[in-house]
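Here are the chains, one letter per residue:
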Amino acid sequence: MKRNFRELSVAIALAVLLLALAIFAPAFFQPQPLLSWLTREAPILVVACGMALVIISRQIDISVGSQFAICSVGAGLLAAAKWPLALVLAASIGLGAVMGALNGLLVAGLRLPSIVVTLATMVTLRKGLDWFRQGEFVNLPDGAQWFGLSQVAGQWTLIGVALILLVTLATAMKHLAAGRFVYAVGTDAEAARLAGIRPQVTTFWVFVFIGALTGLAAMMNVVQSPQVDPKSGTGLELKTIAAVVVIEPATPITARA
């Protein structure tokens, strides 16, 4: 009942906000500006899906912004080297998964606090990228934008990917055993262990998953512009955590010590 009230209050607040926009800023609802805004926010929704799992498992990951920047630059460099976009996408997801696996090994394998681990990787990855690029943008070749589609088709593709991921993940968390494992570990890791679940393994794969989604989101961001900014992703961790709070208001944001 309490959770339903929280969800209803968020829905009411959103409805009031949309009504105010319709009255005082009707231009907000014009198709193209709204489509552009949804497209720009689609990568954030993708990372927020991964962040939701991290938070549900009672961990936190504040390194996603740095991972996002590295995956974006990596994808841009591969695209500039004329790699097929499908391979660039796979490489970006793989790179993100590797960085997520590093966090997972430190948190799940060494039992270190996730806030400390991801703070360290956030700073290390960002400083390493700054040293490597020195603030230099990556110029993308012709045809890389919007995956070679028209702008409108590319925009709808990115929005569709984010929405499909959200619906698929919500369904999987409710109906698949792997999703229930994440809830069980976040609720009580010791009880989950006694029930036959391996909390450390679940935690490791949750970090791998958010890393892979960060790589996907980075690629979704790269194709929206002719250049890649090495400082992209700054503040992404705050945006995704805020998105999770809105989507899943009853979930406790607590990093396990």
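Residues numbered from 1 in each chain as written. Predicted model: local features only at pLDDT ≥ 70, side-chain atom pairs only at ≥ 80, totals over all residues. Heavy atoms only, no water.

Undergrad: Before we go on, may I ask you to explain the overall build of the chain in this structure?
TA: Assigned secondary structure in the chain consists of 10 helices and 2 strands. The N-to-C order of helical and strand elements in the chain reads α-α-α-α-α-β-α-α-α-α-β-α. Against the globule reference of 18 Å for 257 residues, the chain gives a C-alpha radius of gyration of 19 Å, in line with a compact fold. Its C-alpha atoms put the chain at 55 × 50 × 30 Å along the principal axes. Within the chain, the proportion of its 257 residues that are buried is 41%. Partitioning the contacts of the chain with sequence separation of at least 6, the portion at a separation of at least 24 is 84%. Of the roughly 13,200 Å² of accessible surface on the chain, a fraction of 71% belongs to carbon and sulfur atoms. (Helix = DSSP H or I, 4+ residues; strand = E, 2+ residues; numbered from the N terminus. Rg over C-alpha atoms; globule rule 2.2 N^0.38 Å. Buried < 20%, exposed > 50% of the residue type's maximum accessible area, 1.4 Å probe, protein only. Contact = heavy atoms within 4.5 Å. Areas by Shrake-Rupley, 256 points an atom, 1.4 Å probe, with all protein chains shown as cover.)

Undergrad: Would you take a moment to explain helix α3 (residues 64–80) for this structure?
TA: Helical geometry note: an α-helix holds 3.6 residues per turn, so side chains three or four residues apart project in the same direction. Relative to the 24 Å expected for 17 residues at 1.5 Å per residue, α3 spans 24 Å between its end C-alpha atoms, a close match to the ideal helical length. The element α3 is extensively covered by neighbouring structure, given that 13 of its 17 residues are classed as buried. Directly after α3, the chain includes lysine 82, whose backbone phi takes a positive value near 70°. (Expected span 1.5 Å × (residues − 1).)

Undergrad: For this particular structure, what's the right way to read the packing of aromatic side chains?
TA: Between two aromatic rings, the relevant description is the distance of the centres plus the angle of the planes. Scanning all chains against the criterion turns up 1 aromatic pair. Ring centres of phenylalanine 204 and tryptophan 205 lie 5.2 Å apart, and the angle between their planes is 75°; on these two criteria the pair is classed as edge-to-face. A relative accessible area of 53% means that tryptophan 205 is categorised as exposed. (Phe/Tyr/Trp six-rings, centres within 6.5 Å; stacked < 30°, edge-to-face > 60°.)

Undergrad: What am I meant to see in the packing of helix α6 (residues 151–175) against helix α9 (residues 199–222) here?
TA: Contact geometry of α6 with α9 gives a least axis separation of 11 Å together with a crossing angle of 160°. Comparing their axes, α9 and α6 come out roughly antiparallel. Seen along the crossing, α6 lies across α9 with a hand that is left-handed. Packed against α6, whose contacting residues are Leu158, Val161, Ala162, Leu165 and Leu169, the element α9 presents Phe209, Leu213, Leu216 and Met220 at the interface. Partitioning the contact of α6 with α9 into residue classes produces 9 nonpolar, no polar and no charged. (Axes fitted to C-alpha atoms, helices over the stretch in contact; angles between N-to-C directions. Parallel < 35°, antiparallel > 145°, perpendicular 65-115°, else oblique. Left-handed = near helix turned anticlockwise from the far one by under 90°. Nonpolar A, V, L, I, M, F, W, Y, C, P; charged D, E, K, R; others polar.)

Undergrad: What's the story with the packing of α3 against helix α5 (residues 114–133) in this structure? I'm lost.
TA: When two helices pack together, their arrangement is given by the angle between the helix axes and the distance between those axes. Two elements in contact, α3 and α5, have axes whose closest approach is 8 Å; the angle formed by their N-to-C orientations is 30°. The way α3 lies across α5 gives a crossing that is left-handed. Here Gly65, Ser66, Gln67, Ala69, Ile70, Val73 and Leu77 of α3 come into contact with α5, specifically with Met122, Leu125, Arg126, Leu129, Phe132 and Arg133. Here the residues of the contact of α3 with α5 sort into 8 nonpolar, 3 polar and 2 charged.

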